[in-house]
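Chain residues, written in single-letter form:
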Amino acid sequence: MADAGTPVTGKQTEPQLLHQLQTKERPEVFVRWDLVCLYVTTARQSQALDQVRHLVDMAGIPEQKASYYLALAQLMELRQHFADAATCYLSAVETNPADPGGLRRLEALLENHPGIRRRIPDLIPRLWKCRMAVERAALYGLKTSPP
């Protein structure tokens, strides 16, 4: 641990986080997310991707899983793996259609990189299903919200 007011470097932080992961000193999900943040800020996207994949596997509820799919998609975009990013956005929307953010990001990605449409064989039917699911979720949300 660094003294108060002393900045902690990535070289100091990573061993501490890996130790916390081993000893279960903190909940695994928090430690892994801290590792994702560390790896992203130190330009180690491969390690960040590995940690987010663990988080996707660990997610207990659809909202969590969808948010990790969104993080995975954004990391894929950073690496310019646009087809993989699109697939992750699809998974996020399929997992939690109540959050339309993934669909908006997917549609923007497809608009900015139209060539990836050919690289995802089942894109059109999945995209259509996602749009319908988001629309249904929005309608359901309107019906269940208080007047």
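Just so it is clear, the structure is predicted and the values come from calculations on it, not from any experiment. (Residues numbered from 1 in each chain as written. Predicted model: local features only at pLDDT ≥ 70, side-chain atom pairs only at ≥ 80, totals over all residues. Heavy atoms only, no water.)

Student: Even after reading the chapter, I still don't get unusual backbone geometry, so can you show me in this structure?
Tutor: Across residues other than glycine, the phi torsion is negative in most instances, and most of the peptide bonds are trans. Of note in this structure, K24 is not a glycine but carries a positive phi near 60°. One can find K24 in the loop between α1 (10–23) and α2 (28–41). In this model, Q80 sits at a positive phi of 65°, which is unusual for a non-glycine residue. In this fold, Q80 is placed in the loop between α4 (62–78) and α5 (82–95). (Helix = DSSP H or I, 4+ residues; strand = E, 2+ residues; numbered from the N terminus.)

Student: Even after reading the chapter, I still don't get the confidence of the model for the protein chain, so can you show me in this structure?
Tutor: Atom-level detail of predicted coordinates should not be read off regions where pLDDT is low. The share of residues in the protein chain with pLDDT of 70 or more is 89%, and the mean pLDDT across the chain is 89. Low pLDDT, under 50, characterises residues 142–147; the stretch is placed with 0 contacts to residues that sit more than four places away or in other chains. (pLDDT = per-residue confidence, 0-100. Contact = heavy atoms within 4.5 Å.)

Student: Quick question: what am I supposed to make of the environment of L35 here?
Tutor: For L35, the position within the fold is in helix α2. Classification of L35 by relative accessible area gives buried; the value is 0%. Taking C-alpha positions, L35 is 7.1 Å from Q51, a pair spaced 16 residues apart along the chain. Beyond its immediate stretch of four places on either side in the chain, L35 contacts L17, L18, L21 and Q51. (Buried < 20%, exposed > 50% of the residue type's maximum accessible area, 1.4 Å probe, protein only.)

Student: What exactly am I supposed to notice about the pattern of salt bridges here?
Tutor: Pairing between side chains of opposite charge can happen when the charged atoms of each approach one another. Under the criterion given, the structure shown has 6 salt bridges. Linking E28 and R32 is a salt bridge whose minimum nitrogen-to-oxygen distance equals 2.8 Å. With E28 and R32 both in helix α2 and 4 residues apart, the pair spans about one turn of that helix. Residue classification places E28 among the partly exposed positions, given a relative accessible area of 32%. (Salt bridge = Lys/Arg side-chain N within 4 Å of Asp/Glu carboxyl O.)

Student: What am I meant to see in the nonpolar core here?
Tutor: Across soluble globular proteins, nonpolar side chains show a tendency to be buried alongside one another. Membership of the largest hydrophobic core comes to 40 residues, with the highest contact counts inside it found for L35, V52, L72, Y89, L106, L109 and I116. Those residues in contact with L106 that lie beyond four places of it in its chain are A86, Y89, L90 and L127. (Core = buried A, V, L, I, M, F, W, Y, C linked by side-chain atoms within 4.5 Å.)

Student: How should I be thinking about the side chain of S91 in this particular structure?
Tutor: Tracing the chain through its elements places S91 in helix α5. If sequence neighbours within four positions are ignored, S91 has contacts with Y69 and R126.

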